[in-house]
Amino acid sequence: MATIKETLPTAFRITGSKSEARALLGIVKGKFFKDCLLNPSQPDENSQKIDKEIEQKKPICLPWYPDGLAWQLQLTRKDIRRSEAYFRLHNFLISETDCGNISRQEAVSMIPPLLLDVKPHHKILDMCAAPGSKTAQLIELLHAEDGRFPTGFVIANDIDNNRCYMLVHQAKRFNSPCVVITNHDAAVMPNFTVTGTDGTLTMLKFDRVLCDVPCSGDGTLRKNPDIWLKWNTANGNNLHGIQSRILRRGVEMLSVGGRLVYSTCSLNPLENEAVIHRLLVDTRGAVQLVDVSSQLPGLKYRQGLVHWLPTSRDMRGYTSYNDVPEKWQTQVRPQMFPPSPEDAHKFNLERCIRILPHQQDTGGFFVAVIEKLRPLPWEAAAKALPAESEEQEQGGNEKDAANSTSEDKVPWGPQRKRRRTHGYKEDPFVFFTEDEPLWPSIRDFYDIDSLLSPTCLLTRCNEGKKKNIYFTSLAVRDIVINNHLTIKLINTGVKSFVRCDNKSMDCAFRLAQEGLHSILPYIGPKRKIFVTKADLIKLLINDDPKFPPEADTLDPSTQEQLKDISQGSCVLVYQGEDNPSSGGDITRLTLAMVGWRGAKSVRAYVPISDCVHYLRLCGADVSKYEKNKFIKNPSVAEEKSGEKIAVDNETEVKDEDRNEEEEVGMLGEPT
Ligand SMILES: C[S@@+](CC[C@H](N)C(=O)[O-])C[C@H]1O[C@@H](n2cnc3c(N)ncnc32)[C@H](O)[C@@H]1O
């Protein structure tokens, strides 16, 4: 109780490729943390008090998070107001969060994705995903192996159409072509159809499922104190039903051998162990709780409860359903009761994880890891039934008959509920065909390898001039093509080419920074410029649209390469191995970004937040881009704000390199 009354610390983790994450970690630990510790927020206090404050404010590395990349610290509004060091740390976290290199996320919320044990080939379903902090982590884990393009994917779903756009925003930070966002009630989530290895259509079963279900949120009291006022024992009872249905659908969609994580930010057993127990009873040994006690060393927690008292709104607890007065029988249900003491050992409920706020200065949280050992009793029973057509019964004129699979016809197949189509009507997902007329000019200009199939590129319009071209992985393409009639797809694909009808370029599309990392492996040497660190800093630091860096001021090796590169969009690549702020760690870094080769100049063409990030990694001075209210002259501070420069960057060039359509390209978003 005492801990719950205290402010929750801020937590964040460093994301991105291993080498970039290590380099950024060096900067955080070196520059930002040291400054904060040397300059406590209240310098006028006596020294003893300052020592205590420094001790309390020491950033803590979360011991159970891999590679020391997650941190927790007390960063209050007061600190940010009073201390330049904290103010700068705060701004740093915001700017790196914008470009996906840092994720600010409550410490406990990082646990479910870690326990899912994600590998790059996994097919992952995040059933209740918005606002998407765990989805973000799942995407990172999918891409965790440097240099390997994942064959798996994440489908992130939420019932709330508006909140789905929070997911779009989250996913955009990571520029992954392996993400699909859908909008369904997870309790009746429709099945997905995919092309099997033998070319036939089959029902998709997921290797990993995350059920981070809606809950009463009483574990978040430290950050949402108003929950104190609304809390009563019935909150959990009312949620138990939907939580159970979502979990049940989750294990149905899970493959045999697959893993599911169920989590809530509540400590109420009715939302937690009672839901798990109900599933274990219903599935009769087809799923089991996994012992994950050794998976997150250093994590302090309590074991799951094996006994609890279902309680009615008037705070009366019951040991048996027979004791529940009639008026409460719709609220306190028979399935909510714990196993009898003699049966308790069958369920291993102690394998559930309860995180209590005082144990590690966090919020309260519950996690259970489930593994599917064999088909569920009703799946197995249905398999034994003769497969009779239910297409007609489903009134399935919405369903593409060609997409039906034998599994569709079993009772636990696609939900029979008609799709509700409220919310914003999405633009179509139109994939290129092999003979797309636009492709040859793009392919030839960017020297693109034949391994990149144009059929993985899509636009969001059926007619008219194609403006933005998005890239998806093969697996995601297959999902969109096979399910767009039955699944409400909100978003997928990463913007890779943007129309820019610039007369000096022999191709109507420039590269987009968002999709560059996905298509970079396919781009040939014709459009790549390998730059030195000094050149890269020069290009990134230049924010004057009228005077981009002249080619003849760059390193001779860069100038030599420029001789063979025609005007237009290109890739700037820097391969280095040092990072002055990494505290001695040698970090092999490869940075790639979109550039523009002008008649006599070269420029970097990246969003402002990426630009600052790259400059930081190069150890360059970024104060020019940092908003700093501690600077005495306000007009200087204003001028130095990132926003101003961002606008300049996006309104583009006015010299001989002027790219007339660029403004549209930068500002236009598809949906
Ligand atoms: C606890 S939040 C999820 C938090 C999210 N996993 C994250 O880490 O950012 C629960 C989410 O479930 C969604 N939700 C509620 N009922 C749902 C249902 N029946 N199907 C799918 N999503 C549902 C809510 O809209 C809400 O966004």
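Residues numbered from 1 in each chain as written. Predicted model: local features only at pLDDT ≥ 70, side-chain atom pairs only at ≥ 80, totals over all residues. Heavy atoms only, no water.

Quick word on the environment of G524
Logical step 1: Mapped onto the elements of the fold, G524 is located in the loop between α15 (513-519) and β22 (528-530).
Logical step 2: Residue G524 is classed as buried on the basis of its relative accessible area, which comes to 8%.
Logical step 3: It is 5.7 Å that separates the C-alpha atoms of G524 and I448, two residues lying 76 residues apart in sequence.
Logical step 4: Residues within four places of G524 in sequence aside, it is in contact with Y446 and D447. (Helix = DSSP H or I, 4+ residues; strand = E, 2+ residues; numbered from the N terminus. Buried < 20%, exposed > 50% of the residue type's maximum accessible area, 1.4 Å probe, protein only. Contact = heavy atoms within 4.5 Å.)

What to know about the site of the ligand
Logical step 1: Taken together, 21 residues are adjacent to the ligand, and D158, R163, D185, A186 and D212 come closest.
Logical step 2: In this structure, S133 approaches the ligand through a main-chain N or O atom, which is 3.1 Å from an oxygen atom.
Logical step 3: Interatomic distance of 2.7 Å between a side-chain N/O atom of D158 and an oxygen atom of the ligand.
Logical step 4: For the ligand, the accessible surface in isolation is 600 Å², of which the surrounding protein chains cover 87%.
Logical step 5: Counting only elements with at least two residues in the shell around the ligand, the list comes to α6 (133-142) and α9 (234-253). (Near = heavy atom within 4 Å. Polar contact = N/O pair within 3.5 Å; in protein donor to acceptor, adjacent residues only side chain to side chain. Areas by Shrake-Rupley, 256 points an atom, 1.4 Å probe, with all protein chains shown as cover.)

What to know about the packing of helix α16 (residues 533-541) against helix α18 (residues 608-617)
Logical step 1: The interhelical angle for the contact between α16 and α18, taken along N-to-C directions, is 150°, at an axis separation of 10 Å. Between α16 and α18, the angle is such that the two are roughly antiparallel. The way α16 lies across α18 gives a crossing that is left-handed. Judged by residue contacts, I537, L540 and I541 of α16 engage C611, Y614 and L615 from α18.
Logical step 2: Per-class residue counts for the contact of α16 with α18 are six nonpolar, no polar and no charged. (Axes fitted to C-alpha atoms, helices over the stretch in contact; angles between N-to-C directions. Parallel < 35°, antiparallel > 145°, perpendicular 65-115°, else oblique. Left-handed = near helix turned anticlockwise from the far one by under 90°. Nonpolar A, V, L, I, M, F, W, Y, C, P; charged D, E, K, R; others polar.)

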